[in-house]
Protein chains: 2
Amino acid sequence: MGTPNTTRRRGVRPVDKFDARRDQLAESALKTLGELGYARASLREIANNSAFSHGVVHYYFEDKLDLVIHSVRYYKARCVTRYDSVVADSATAGDLLDAFGAKLAQTIRDEAPMHRLWYDLRAQSMFEEGLRDAVTMIDKTLEEMIWRVVSRYAQLEGRPAALEPSVAYAMLDGLFQQALLAHAGGSPVAEGVLVAQVRTVMPLMLAPAAA
Amino acid sequence: MGTPNTTRRRGVRPVDKFDARRDQLAESALKTLGELGYARASLREIANNSAFSHGVVHYYFEDKLDLVIHSVRYYKARCVTRYDSVVADSATAGDLLDAFGAKLAQTIRDEAPMHRLWYDLRAQSMFEEGLRDAVTMIDKTLEEMIWRVVSRYAQLEGRPAALEPSVAYAMLDGLFQQALLAHAGGSPVAEGVLVAQVRTVMPLMLAPAAA
DNA sequence: GGATTATCTTGACAGTCGTCAAGACAGTGG
DNA sequence: CCACTGTCTTGACGACTGTCAAGATAATCC
């Protein structure tokens, strides 16, 4: 038997070969989790959708929670930069709204499974203590991601934002969630509706324009 | 063996004795579901928290989904009138905001398990086709419930609402969900924060006051 | 009261789950 | 070449799941 799972630390031989496998398993886990959700995605099914067998999971992870948390952290680390180009490349407030809307629509279209998994886990965290810390942390980084967009929008518009970051995030997240729900229900116009809604709501987040 | 479960129809003997037991089981199911969530609440555990044994569930319900859907429908039918007194009893816009905030805070405090269950089921509906119709329908009635508050608020304020019902609902639902998350995480101020946030956001939903 | 129905309990079924341990295999260092 | 360590597979365990069927109990009707 080799050394146990996550108690393994750098400094021993293969250094990051270990972490690379963890990420590889995380990738496969995300595929299955996005398909089936947290509760129905068994470790056997996750392993089946990978190059390995079901026993290997416990070689790289403490337990199912450890795998799931690592997986969603792994995903959100990439996902959190999704809107940075919107902030960087927009020269006017109108540009920003267009780019933001386009990215939101694309997210609904292309990454629906990942996001329904996120909402699943966030709800589970209210039941499962072990998920709470990771979820809270990720939610905070999402809030900061959204705030970069909103504050840049305020800057381009020349008016200060009138809402706190947490409020802006909660509102946009609510809209996004409804759109995802509609998309999951088969609505082909969910993304378009979301874009229009965001265009309506974003101006309300800034201090009123001087008359 | 008696007649099967839900294929039973009125017109036979006990008429509503059957439905009464269904509601009684739903009540017990809600207790367990609110405690454990959808995935971990087994039929045996639900029956244990009731006056009956685990086999009786299949006498009154087709399967687990049937029980869960009936339970959450049963709850939301009551819950959906929760804010009607806010609408009916408020004489001014300020009164309404106070009453609305107080009810929201009370809901977070007293009915947190029911609402985390609701968010759990709504997320599950994106994975489980069988939940989708019931969830969509309930979500619509919640939207209408919120809209009664918002439109009454607009009326008292003398300004028309500037948002569609779906947008108003999504925004407030997003705020409520964040508050519930914080409450579940142990924050003792979650309700108070929510009240303040709602006070900030509600005016933004109306057309700007004339200068 | 007896017969018939409705209701409820008990016990079992076929699966699935997370977890773990024993051993196979590969690669490396001596 | 041997020993050793890291990696992975296989098979098993106990527990739990939704579902169902057979029989006990209670209620109802003739």
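The structure presented is a predicted model; accordingly, all values stated were derived computationally and were not measured.

## Here we look at the pattern of salt bridges
Residue and element names in this part refer to chain A.
Here is step 1 of the chain: On inspection of all chains with the given rule, the structure shows 20 salt bridges over all chains.
Here is step 2 of the chain: Ionic pairing is found between R148 and D84, a salt bridge with its closest N-O pair at 3.4 Å. Placement of R148 in helix α8 (residues 129–157) and of D84 in helix α5 (residues 84–89) is noted, with a sequence separation of 64 residues between them.
Here is step 3 of the chain: Residue class for R148 comes out partly exposed when judged on its relative accessible area of 35%.
Here is step 4 of the chain: Judged by relative accessible area, D84 falls into the partly exposed class, the value being 30%.
Here is step 5 of the chain: Note that E129 and R132 form a salt bridge whose closest N and O atoms lie 3.6 Å from each other. Placement of both E129 and R132 in helix α8 is noted, with a separation of three residues, approximately one turn of the helix.
Here is step 6 of the chain: By relative accessible area, R132 is classed as buried at 17%.
Here is step 7 of the chain: Taken together, the shared-partner salt bridges connect R122, D139 and D173 into one network.

## A word on the environment of G186 of chain B
All names here are of chain B.
Here is step 1 of the chain: In this fold, G186 is placed in the loop between α9 (165–184) and α10 (190–201).
Here is step 2 of the chain: Overall, the relative accessible area of 55% leaves G186 in the exposed class.
Here is step 3 of the chain: Sequence spacing of G186 and L30 is 156 residues, and the spatial spacing of their C-alpha atoms is 22 Å.

## Brief notes about the domain arrangement of chain A
All names here are of chain A.
Here is step 1 of the chain: In terms of domain boundaries, chain A breaks down into domain 1 (17–73) and domain 2 (80–205).
Here is step 2 of the chain: Taken together, the contact pairs eleven residues of domain 1 with 14 residues of domain 2.
Here is step 3 of the chain: At the junction of domain 1 with domain 2, the criterion picks out zero salt bridges.
Here is step 4 of the chain: Linking domain 1 to domain 2 there are three residue pairs in polar contact (both at pLDDT 80 or more).
Here is step 5 of the chain: Going through the elements one at a time, α1 (17–36) and α4 (64–79) are the ones with two or more residues in the side of domain 1 that touches domain 2.
Here is step 6 of the chain: Ranked by residue count, the leading element in the side of domain 1 that touches domain 2 is α4, at five residues.
Here is step 7 of the chain: Tallied by class, residues from the side of domain 1 that touches domain 2 come to seven nonpolar, two polar and two charged.

## Focus on the packing of aromatic side chains
Here is step 1 of the chain: Scanning the entire structure with this criterion turns up five aromatic pairs over all chains.
Here is step 2 of the chain: Between F18 of chain B and Y60 of chain B, the ring centres sit 5.1 Å apart and the planes meet at 40 degrees, which makes this aromatic pair tilted. Of this pair, F18 of chain B sits in helix α1 (residues 17–36) while Y60 of chain B sits in helix α3 (residues 57–60), and the two are 42 residues apart along the sequence.
Here is step 3 of the chain: Residue F18 of chain B is classed as buried on the basis of its relative accessible area of 6%.
Here is step 4 of the chain: On the basis of relative accessibility, which here comes to 11%, the residue Y60 of chain B falls in the buried class.
Here is step 5 of the chain: Grouped by ring-pair contacts, the aromatic residues F18, Y59 and Y60 of chain B constitute a single cluster.
Here is step 6 of the chain: The ring of Y38 of chain A is capped by K64 of chain A, whose NZ or CZ atom sits 4.9 Å from the centre of that ring.

Criteria and thresholds
- Residues numbered from 1 in each chain as written.
- Chains lettered and ligands numbered in written order.
- Predicted model: local features only at pLDDT ≥ 70, side-chain atom pairs only at ≥ 80, totals over all residues.
- Heavy atoms only, no water.
- Salt bridge = Lys/Arg side-chain N within 4 Å of Asp/Glu carboxyl O.
- Helix = DSSP H or I, 4+ residues; strand = E, 2+ residues; numbered from the N terminus.
- Buried < 20%, exposed > 50% of the residue type's maximum accessible area, 1.4 Å probe, protein only.
- Domains from an automatic or database assignment.
- Contact = heavy atoms within 4.5 Å.
- Polar contact = N/O pair within 3.5 Å; in protein donor to acceptor, adjacent residues only side chain to side chain.
- Nonpolar A, V, L, I, M, F, W, Y, C, P; charged D, E, K, R; others polar.
- Phe/Tyr/Trp six-rings, centres within 6.5 Å; stacked < 30°, edge-to-face > 60°.
- Lys NZ or Arg CZ within 6 Å of the ring centre and 35° of its normal.

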